[in-house]
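# Geometric and topological summary
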Protein chains: 2
Amino acid sequence: MVVIFSSDSLPDEARRLLGKWSLAEGKTDAIPEAEVLMVWRIDEDMLSSAKKLRAIQTFSAGVDHLPFKLIPPGVKVFSNAGAYSRPVAEHAWALILHLAKGINIRDNAIASDYPRQLFGKRLLVLGAGGIGQETAKLGKAFGMFTVGISRHPAPREGFDLVAGLDELNHELALADVVVVALPLNKYSVGLLNSSRIALLKDTCILVNVGRGAVVDQEAIFDALKERRTLRFGTDVWWDEGGREGSHLPFYDLPNFAGTPHIAGGAGKETANVAKIAAARNVATFLETGRANNEVNFADYLRNRATPCYKSGRPNIAHENRL
Amino acid sequence: MVVIFSSDSLPDEARRLLGKWSLAEGKTDAIPEAEVLMVWRIDEDMLSSAKKLRAIQTFSAGVDHLPFKLIPPGVKVFSNAGAYSRPVAEHAWALILHLAKGINIRDNAIASDYPRQLFGKRLLVLGAGGIGQETAKLGKAFGMFTVGISRHPAPREGFDLVAGLDELNHELALADVVVVALPLNKYSVGLLNSSRIALLKDTCILVNVGRGAVVDQEAIFDALKERRTLRFGTDVWWDEGGREGSHLPFYDLPNFAGTPHIAGGAGKETANVAKIAAARNVATFLETGRANNEVNFADYLRNRATPCYKSGRPNIAHENRL
């Protein structure tokens, strides 16, 4: 009987979906027999003991932290892309609106000039996947013109326009709000560098809910210092020696808003939704040999800038200054 | 020729709408001849010198600050209800999402448990007018079940259900998010008192973009201290000796978010939208003798709790603690 190892305990609905097979939740002694590993992250020890391994299904949407070079040939990797689209799109909008309206600014003179209306403005979303699409749909509800940037541009619900990467610079200069909803891979790392950040309007609101390293850390910090009407919010941070964080004091800037990589974790219900999505995909793989979100190793393999964060929340500079 | 006095200069589109009449912008010596006053607020001197007065059109959506007892019989008052619906609904959502997701909470332990998903939850809007309806429409986009409370319940776009005041207590106990979008009058003052606040779920998010005095100041402050998972955000404040503010240190509470009555002022574009709406209503009045948003004095006259704020932004307790 096929053995599935899951590093986490699963909700009942996920267990039901995997009921035909032998499911070992949290029992690492089952790894040598496991054909499928359901995990957040994976290390060399786990890979070397999983002798029967056919597939890895991550609970996370991003797979940039996986050690692709250590994964044996023939083992498929499936991400959990799309499983967090709703909570992360809600979070993107929390950052957008916080920066547009100026919550908890108690200085009346600053607060009075702070609010910007979103209705009628232009929203640019980098990445037209699940999170990007949910973010764009909400943009339509706020009365915005929505543009997506995708490596594979095609009309998608929620977007008035989906353009290719060759349109990126043009669109960055037109946007009132830019949301980064890209995975981190060799195409996206450092995409928003200093020259592209320089293209943004002075009144642009930039929000990152993808991965920190898509935005150049020093470049955005310097831009926020120099252009005080530019506003930046992020839930995702950079690789600081294997930990997700920043060595720059972003929270000291008045035109910054942040959260410590919590967008996907909006309560137990969102975690369960993600685990059920992962289980459904594993069931599809075991029944058909194919499944959604198969990762192309070539997108990641040669990308030396891809970080491999350790577990835990971001280590943010000046964290003592709550 | 009919003379219209406007306390503010008007955008070109508003001037065009009033082109048939004599428009005096900012020229107070025109008040004795004026049949219509377009104003934010009005005092005894202005009223006593306006001998030909037929109508007052406010730029503000609320009229709770007007001295109704001083307005001569036969003079109609028109509010600017609906003119700020979009920016104020955006602002309501900025407060909702800030409180749902926990922006700028830098303590990882607190932040990790903070986010709540809105999708699938129940949104209750007190007031089904322009602001309430825009707020509810956005609630539908976020996948919420939307309920409105109105003195005149009837089906309205954006609401899954509109109920009467007799359903208020029942609905308060069911809601995950409550938005106050009511004008301040004898029906709404103190509506959310300590016994109604006690009905709210422990995990409820309460947001006020109507008028401060709809919510009992001491009652909500005490509830936030006692029930740390209850969350409250407000753009509007209380009458503190004729100034809008609070004597209580709301900003010291971790489950509070605030802004100093800036929701309607999201840039020059929103001010212009409001002035154009006021001008359109004045033109309608002068052409037909009737117009939208005619105020029923009886809703306000006997309401001794109605504050009359002086100009300026709220005076918030502990304002030095930015």
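On a predicted model such as this, the values are computed, not experimentally measured, just so you know.

### Focus on the relation of the copies chain B and chain A
Turning chain B through 180° and shifting it by 0.0 Å along the axis lays it on chain A, with an RMSD of 0.0 Å. The operation mapping one copy onto its partner corresponds to a two-fold rotation axis. Comparing interface residues between copies, 100% of those in chain B also sit at the interface in chain A, which points to an isologous, same-surface contact.

### Focus on the sheet that holds strand S9 (residues 177-180) of chain A
All names here are of chain A. Ordered in space as S8-S7-S6-S9-S10-S11-S14, the 7 strands form an open sheet in which the pairing is parallel. Each end of this open sheet is capped by a strand with a single partner; those strands are strand S8 (161-163) and strand S14 (256-258). On average, adjacent strands in this sheet sit at an angle of 15° to one another, irrespective of strand direction. Those strands touched by helix H3 (residues 85-101) are strand S6 (122-126), S9, strand S10 (205-208), strand S11 (231-234) and S14, and its axis lies near 155° from that of S10. Against the sheet, helix H5 (residues 130-141) touches S6, strand S7 (145-149) and S9, its axis set at about 175° to S6.

### With respect to helix H9 (residues 268-288) of chain B
Residue and element names in this part refer to chain B. The end-to-end C-alpha distance of H9 is 30 Å, a good match for the 30 Å that 21 residues give at a rise of 1.5 Å each. Listed in full, the buried residues belonging to H9 are Thr270, Ala274, Lys275, Ile276, Ala278, Ala279, Asn281, Val282, Ala283, Phe285 and Leu286. The elements touched by buried residues of H9 are strand S1 (3-6), helix H1 (12-17), strand S3 (34-39), strand S4 (55-58), strand S5 (76-78) and helix H3 (85-101). One or two steps after H9, the chain reaches Gly289, where phi turns positive at roughly 80°.

### Quick look at the sheet that holds strand S5 (residues 76-78) of chain A
Residues and elements named next belong to chain A. Pairing is parallel in the open sheet, where 5 strands are placed in the order S2-S1-S3-S4-S5. At either margin of the open sheet sits one strand with a lone partner, and together these are strand S2 (22-25) and S5. Neighbouring strand axes in the sheet, compared pairwise and without regard to direction, differ in orientation by 20° on average.

### What about the interface of chain B and chain A?
Listed by partner, the interface residues are 47 residues for chain B and 47 residues for chain A. For the pair chain B and chain A, the summed buried surface comes to about 4200 Å²; carbon and sulfur atoms form 58% of the total. Considering only the side of chain B, the residues that lose the most area to chain A are Glu90(B), Arg106(B) and Gln117(B), jointly responsible for 20% of the buried surface there. For the pair chain B and chain A, the number of links is 2 salt bridges. In this structure, Lys101(B) and Glu90(A) form a salt bridge, with 2.8 Å as the shortest nitrogen-oxygen distance. Taken together, the links from chain B to chain A amount to 9 residue pairs in polar contact (both at pLDDT 80 or more). Those elements giving two or more residues to the side of chain B that touches chain A turn out to be H3, helix H4 (108-112), helix H5 (130-141), strand S14 (256-258) and H9 of chain B. In terms of residue count, H3(B) provides more of the side of chain B that touches chain A than any other element does, 10 residues in total. Taken together, the residues that form the side of chain B that touches chain A break down as 23 nonpolar, 13 polar and 11 charged.

### What about the packing of aromatic side chains?
Tallying each qualifying case throughout the model produces 31 aromatic pairs over all chains. Judged by centre distance (5.1 Å) and plane angle (85°), the rings of Phe221(B) and Phe250(B) are edge-to-face. Note that Phe221(B) is positioned in helix H8 (residues 217-226) and Phe250(B) in the loop between strand S13 (243-246) and S14, a separation of 29 residues in sequence. Like Phe250(B), Phe221(B) is buried. Summarising the aromatic geometry, the rings of Trp238(B) and Phe250(B) are spaced 5.3 Å apart at their centres and angled 15° between planes, so their arrangement reads as stacked. Taken together, the positions of Trp238(B) in strand S12 (residues 238-240) and Phe250(B) in the loop between S13 and S14 put the pair 12 residues apart, joining distant regions of the chain. Given the relative accessible area of 5%, Trp238(B) is considered buried. Aromatic rings pair up to connect Phe221(A), Phe232(A), Trp237(A), Trp238(A), Phe250(A), Tyr251(A) and Phe256(A) into one cluster. Above the plane of the ring of Tyr114(A) lies Arg231(A), whose end atom (NZ or CZ) is 3.6 Å from the centre.

Rules and cut-offs
- Just so you know, the residues in each chain are numbered from 1, in the order the chain's sequence is written.
- As a convention, the first chain written is A and the first ligand written is 1, with the rest following in written order.
- Predicted model: local features are reported for residues with pLDDT of at least 70 only, side-chain atom pairs are reported and counted for 80 or more only, and whole-chain, interface and lining totals are derived from all residues.
- Water and hydrogen atoms were dropped before computing side-chain values, which therefore reflect all heavy atoms in the structure.
- Superposing the copies works by least squares over the C-alpha atoms of residues that have pLDDT at least 70 in both of them.
- Throughout, a contact is declared for two residues whenever any of their heavy atoms are within 4.5 Å.
- In this analysis, strands are considered paired if DSSP registers two or more bridges between them.
- In this text, helices come from DSSP runs of H or I with a minimum length of four residues, and strands from runs of E with a minimum of two, each type numbered from the N-terminal end.
- To get an axis, a line is fitted to the C-alpha atoms, and for a helix only the part in contact is used. The angle between two axes follows their N-to-C directions and goes from 0 to 180 degrees.
- Helix span, as expected, comes to 1.5 Å for every residue beyond the first.
- Each residue is placed in one exposure class: buried if its accessible area under a 1.4 Å probe, protein chains only, is under 20% of its type's maximum, exposed if it is over 50%, and partly exposed if it falls in between.
- For any pair of parts, buried area is found by adding up, for both, the accessible area (1.4 Å probe) each one loses once the two are put together.
- One side-chain nitrogen of Lys or Arg within 4 Å of one carboxyl oxygen of Asp or Glu is enough to make a salt bridge.
- The term polar contact refers here to a pair of N or O atoms within 3.5 Å; inside protein, the definition further demands a hydrogen-donor-capable atom paired with an acceptor-capable atom, and it admits residues adjacent in sequence only when both atoms are side-chain atoms.
- Put simply, Ala, Val, Leu, Ile, Met, Phe, Trp, Tyr, Cys and Pro go in the nonpolar bin, Asp, Glu, Lys and Arg in the charged bin, and everything else, Gly too, in the polar bin.
- Here a pair means two rings of Phe, Tyr or Trp (six-membered ring of Trp) with centres within 6.5 Å. Their orientation is stacked below 30 degrees between planes, edge-to-face above 60, and tilted elsewhere.
- Geometrically, a lysine NZ or arginine CZ counts as sitting over a ring once it is within 6 Å of the ring centre and also within 35 degrees of the ring normal.

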